[in-house]
There are 2 protein chains.
Amino acid sequence: MELDYQFSAVSDRLVKSEIREILKWTRKPGVISFGGGLPDASLFPVKDIARITNQVLEEKGYLALQYGPTHGEAEMLDALVDHMNAYDDPATTEEVCITSSSQQGIDLISMLFLDEGSVIVIEKPSYMGGIQTFRRCGADMRGVPIDEDGMDMNALREVLDKLEQEGKKPSFIYTIPDFQNPTGISMSLERRKELLQIARDRGLLIVEDSPYRELSFSGEVLPSIWKLSEGKGVIMLKTFSKMLFPGMRMGWILAHPELIEKFVTLKQSVDLCTPSFNQLIMATFLKEGRMKLAIENAIACYGPKRDAMLAAMEREMPGELWWSKPKGGMFLWVRLPENVDAKDIFMKAIKNNVAYVIGRPFHCDNSGSNTLRLNYSFPSIEQINEGIARLGKTIKEIMG
Amino acid sequence: MELDYQFSAVSDRLVKSEIREILKWTRKPGVISFGGGLPDASLFPVKDIARITNQVLEEKGYLALQYGPTHGEAEMLDALVDHMNAYDDPATTEEVCITSSSQQGIDLISMLFLDEGSVIVIEKPSYMGGIQTFRRCGADMRGVPIDEDGMDMNALREVLDKLEQEGKKPSFIYTIPDFQNPTGISMSLERRKELLQIARDRGLLIVEDSPYRELSFSGEVLPSIWKLSEGKGVIMLKTFSKMLFPGMRMGWILAHPELIEKFVTLKQSVDLCTPSFNQLIMATFLKEGRMKLAIENAIACYGPKRDAMLAAMEREMPGELWWSKPKGGMFLWVRLPENVDAKDIFMKAIKNNVAYVIGRPFHCDNSGSNTLRLNYSFPSIEQINEGIARLGKTIKEIMG
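All values reported here derive from a predicted model rather than from experimental measurement.

Moving on to the sheet that holds strand β11 (residues 331-335) of chain A. All names here are of chain A. Spatial strand order, β10-β11-β14-β13: four strands in an open sheet with antiparallel pairing. With partners counted over all chains shown, the strands left at the sheet margins are β10 (322-323) and β13 (357-358), one partner each. As paired strands, β11 and strand β14 (residues 371-375) are joined by five bridges and run antiparallel to one another. When the sheet's bridge partners are listed, Trp 333 is paired in β14 with Arg 373.

In terms of nonpolar packing, the biggest core is built from 235 residues, with Ile 206 and Ile 235 of chain A together with Ile 206 and Ile 235 of chain B touching the most fellow members. Contact partners of Ile 235 of chain B, with chain neighbours within four places excluded, come to Ile 109, Leu 205, Val 207, Ile 253, Leu 254, Ala 255 and Leu 259 of chain B.

Per-chain confidence: chain A averages 96 in pLDDT, with 100% of residues scoring 70 or above. Across the whole predicted complex the pTM is 0.97, and at the interface the ipTM reaches 0.96.

Every contact between the two is made by 70 residues of chain B and, on the other side, 70 residues of chain A. Of all elements in the fold, only α1 (9-13), α3 (46-64), α5 (102-113), α6 (128-136), α8 (189-202), α10 (257-270) and α11 (276-287) of chain B reach the threshold of two or more residues within the side of chain B that touches chain A. Of all the elements, α3 of chain B adds the most residues to the side of chain B that touches chain A, at nine residues. Residues of the side of chain B that touches chain A, tallied by class, amount to 32 nonpolar, 26 polar and 12 charged.

Okay, the relation of the copies chain B and chain A next. Superposing chain B onto chain A requires a rotation of 180° together with a translation of 0.0 Å along the rotation axis, leaving an RMSD of 0.0 Å. Both copies are brought into coincidence by an operation consistent with a two-fold rotation axis. Of the residues that chain B buries at the interface, 100% are likewise interface residues in chain A, meaning the two copies contact each other through the same surface.

Let us now look at the domain arrangement of chain A. Residue and element names in this part refer to chain A. Taken as a whole, chain A is organised into domain 1 (12-44 + 293-399) and domain 2 (47-289). Here the C-alpha centroids of domain 1 and domain 2 sit 25 Å apart. Contact residues are listed per partner, giving 33 residues for domain 1 and 31 residues for domain 2. Ranked by the residues each element gives to the side of domain 1 that touches domain 2, the list is headed by helix α12 (residues 290-316), at seven residues. Here the side of domain 1 that touches domain 2 is built from residues that sort into 18 nonpolar, 10 polar and five charged.

In helix packing, the relevant descriptors are the interaxial angle and the interaxial distance, both defined with respect to the helix axes. Residues and elements named next belong to chain B. Contact geometry of helix α7 (residues 153-165) with α8 gives a least axis separation of 11 Å together with a crossing angle of 15°. Viewed along their axes, α7 and α8 adopt a mutual orientation that is roughly parallel. Considering how the two elements wind past one another, α7 and α8 form a crossing that is right-handed. Contacts from Met 153, Leu 156, Arg 157 and Leu 160 of α7 reach α8 at Arg 191, Glu 194, Leu 195, Ile 198 and Arg 202. Looking at side-chain class alone, the contact of α7 with α8 contains five nonpolar, no polar and four charged residues.

Cut-offs and rules
- One numbering rule holds for all chains: residues counted from 1, following each sequence as written.
- In the order they appear in the text, chains get letters beginning with A and ligands get numbers beginning with 1.
- Local features in a predicted model are, by the rule used here, given only for residues with pLDDT of at least 70; side-chain atom pairs are given and counted only at 80 or more, and totals for whole chains, interfaces and linings are based on all residues.
- Strand pairing is assigned whenever DSSP identifies at least 2 bridges connecting the two strands.
- Counting from the N terminus, the helices are the DSSP runs of H or I reaching at least four residues and the strands are the DSSP runs of E reaching at least two.
- To count as a nonpolar core, a set of buried Ala, Val, Leu, Ile, Met, Phe, Trp, Tyr and Cys residues must be joined through C-beta atoms within 7 Å.
- Our exposure labels follow a C-beta count within 10 Å of each residue's own C-beta, placed from the backbone: buried means 20 or more other C-beta atoms, exposed means 12 or fewer, and partly exposed covers the counts in between.
- Here contacts are defined at the residue level, using C-beta atoms placed from the backbone and a cut-off of 7 Å between them.
- Confidence of the predictor in every single residue is expressed as pLDDT, which spans 0 to 100.
- The residue classification treats Ala, Val, Leu, Ile, Met, Phe, Trp, Tyr, Cys and Pro as nonpolar and Asp, Glu, Lys and Arg as charged. All others, Gly included, are polar.
- We place the copies in one frame by least squares, fitting the C-alpha atoms of every residue whose pLDDT is at least 70 in both.
- In this document the domain limits rely on a domain assignment from an automatic tool or a database.
- As a rule, the C-alpha atoms of each element are fitted with a line to give its axis, helices using only the stretch in contact, and angles between N-to-C directions run from 0 to 180 degrees.
- Here roughly perpendicular refers to angles of 65 to 115 degrees, roughly parallel to angles under 35, roughly antiparallel to angles over 145, and oblique to all remaining angles.
- Put simply, a crossing is left-handed when the front helix is turned counterclockwise from the back one by less than a right angle, and right-handed when it is turned clockwise.

Structural data, given as structure tokens:
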């Protein structure tokens, strides 16, 4: 009898990432790519990591290469809590679960709170990897636009009112308040407080995704929603991928201990535990106080790149375009005139040896065809100058 | 308004692992534990790993600490395919997806094939971590008993016939044919062929979980079902955790390229990619030809431990007990008389400073209360002799 796969409903919802398909083009030789979301590899403290790895293997190789607790290595939990406290995000080890990447945090939250048809409220645009996981779970995503101060609170109230009329309660509100991916925009302090108040008034959970928080170029860091909430009604997602490097695949969830226990049970079924090897290396790196220096180095590298990109945009782009003025993070967000499709420009841009990512897949409702995202953390300042000149030329050609 | 979590159906199915609760007792000082499934840490090649890590960071730190492809690092895929071919399990890189642990392989397979109520067929007993993930997905598990030659094929036919009568088709048959966890039993060659024939006759998918395959003490290695099937209708799960060490959390899925593509898309939503750092270290370890030596060392360590445990069982246990005679792997399976509950003995055993895991949680239908599992890979031969003496004394006391 012919093999006949019994695929799940999840399988029906799998969509191959359009951006990942597009990114293949950026490998064309000579292309300057503003496409990915990669940190600058020249920042990676490879010598420190080599030295620390030797030390960890010599002193406790029997632990580093063995199974570890699902919750996380005690040493790592302690080091993380110290780090969080130093960055004004108070937490206890009972409020932390180590994850194998921040994406895994999104996966665990989705599994715990989402059924097919569950409603979530999400910024428009928002992180594509989040949208991908929420879509896999069959979530009904309701988008709230953002402006230069972050999520629009009036629009949020409207969305929530409409949901109440429909008799639906969202599982959570997903937000990236600091130097958001893809826009680079931060939520103002007033809006953070307002969001928390709205969530409290309506008994709603907030998921605060916070990968870029440490990368503030101006020195200004607004209190996190986690901090403002005093840990009540907020889950926070953290990762080393942006402030340090992504190759260890390590993140952590901050949540009420009652939820942490559920995440730990779920994580058992997902990967048993995050590599002890990686955890013990990172714990030593943190305990040596090297993270602060690494973050300072990243800021010193990315700030001038942001400046270079903003200056090049001013020089090269036609007046009809709008773009964000990020104060931190890795991305610039561009809005073309309504009738211009960023996808149409893309193949012309590739011909002119420059690449970006189109903005539509960052929108839960498939809108935003006239938007695109530019990354400035990975390319050099020279590449930024040359690449933005090429992109300006391409856009001017198209817009006539 | 009071915060009111909107938990998912998955959340309702979360069960805290009874065994993990029990294992806490094994940390009592003085207890000899046969509880875990841990490799012997004295086997870990810590010096090689330290040397290789230095080399990887020096030569390609910019890659090792960066994001990598979801599918896996090209270097790692090549090294794995060479390894598989050397161990008589032919595969191409298109048939491989790297996973962050073999447990993640189970997770991806479950997401791709299981909805609430989906039927799977599973050995009784079987791997507890598998059962946990299948249960999380709401699978309807139908157990097939195993005897000393592995899964009982007549019982399998009966289960499948009954399902046909119910109008249900199983999503897959899950089997651990080599030195199974928890029993240590291997499926005979005749049964492997029979299983494949049954699956083909009925158009069913087989999931072959294969963590212990390399650990054959006699030198005899039966062809895998993957090999017998020539890659058609079989998904194979592999890991380094048992043949080498678990601390890197790395495994891989072997499947038809069409399925691999779906697993890769799913994996994007789960953790984006497995650490490049860990992959490049392991790839170098494999390319240096060190895996073969590591496996030989493991066999030379675990074979005598198995012998010691079998001899101690003969010496110390009352005649009413049955236990398996594993030819490889890490576990011995014990059946007490029907009316004796392994859980009742457990606390007495702890008092006598010896621990094991109860067998019931390895049964999809909650049967097997008179069974228990003993691990011989982690304790020393001295601990095995003393621990089995203590356990024999405990059981004799209880059985009067």
